Amino acid sequence: KEAPAERLVLFSVENEPGSRVVREALCELELPYQLVNVGLGSARGKAQLDAAGGREVPFLVDPSQGVSLSGADAINSHLFGTYTLPVEQ
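Undergrad: Just checking my understanding: could you explain the pattern of salt bridges for this structure?
TA: Any two side chains of opposite charge can pair, given that their charged atoms come close. Counted under the stated rule, the structure contains one salt bridge. Here Arg 20 ties to Glu 24 by a salt bridge, and the two come within 2.9 Å at their closest N and O atoms. Residue Arg 20 and its partner Glu 24 are both found in helix α1 (residues 17–28); the two are separated by four residues, about one turn of the helix. On the basis of relative accessible area, Glu 24 is assigned to the partly exposed category, the value being 44%.

Undergrad: Even after reading the chapter, I still don't get the side chain of Arg 23, so can you show me in this structure?
TA: Tracing the chain through its elements places Arg 23 in helix α1. One polar contact links Arg 23 to Ser 12, side chain to side chain, over a distance of 3.3 Å. Among all residues touching Arg 23, those that are not within four sequence positions of it are Leu 10, Ser 12, Val 13, Glu 14, Tyr 33 and Leu 35.

Undergrad: Please explain α1 as it appears in this structure.
TA: Three- or four-residue spacings in an α-helix give side chains the same orientation, since the helix completes a turn every 3.6 residues. For α1, with 12 residues, the first-to-last C-alpha span of 17 Å sits near the 16 Å given by 1.5 Å per residue. Residues of α1 that are buried include every one of Gly 18, Ser 19, Val 22, Arg 23, Ala 25 and Leu 26, and no others. Buried positions in α1, seen along its axis, are confined to an arc of 160 degrees and lie on one side of it. Residues of α1 that are exposed and angled more than 90 degrees away from the buried face: Pro 17 and Cys 27. Where α1 is buried, its residues contact β1 (8–12), β2 (33–37) and α3 (72–82). Two or three places before Gly 18, at the opening of α1, Glu 16 has a side-chain oxygen 3.1 Å from that residue's backbone nitrogen. Glu 30 occupies a position one or two residues after α1 and carries a positive phi of about 55 degrees.

So, how was this worked out
- Residues numbered from 1 in each chain as written.
- Predicted model: local features only at pLDDT ≥ 70, side-chain atom pairs only at ≥ 80, totals over all residues.
- Heavy atoms only, no water.
- Salt bridge = Lys/Arg side-chain N within 4 Å of Asp/Glu carboxyl O.
- Helix = DSSP H or I, 4+ residues; strand = E, 2+ residues; numbered from the N terminus.
- Buried < 20%, exposed > 50% of the residue type's maximum accessible area, 1.4 Å probe, protein only.
- Polar contact = N/O pair within 3.5 Å; in protein donor to acceptor, adjacent residues only side chain to side chain.
- Contact = heavy atoms within 4.5 Å.
- Expected span 1.5 Å × (residues − 1).
- Arc of directions from axis to C-beta.

Structural data, given as structure tokens:
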């Protein structure tokens, strides 16, 4: 399996435990992603509201797969089920 053709977008809150777990998975899988930190009163909150229809974090948009997911368990299941660790040469 290959890395996504389009960059993933993760909406997260910096100190939220579920967001941290998803960021760790993205790093472990070495997947390119755009991090959008949102919080109460954040100007970036509108971007999340437009993408997600709500403010639940973490929230991942995977445009290559046409998937949008919320919750660390669902996101990590998608990431590890769709993308594999790169093979070392």
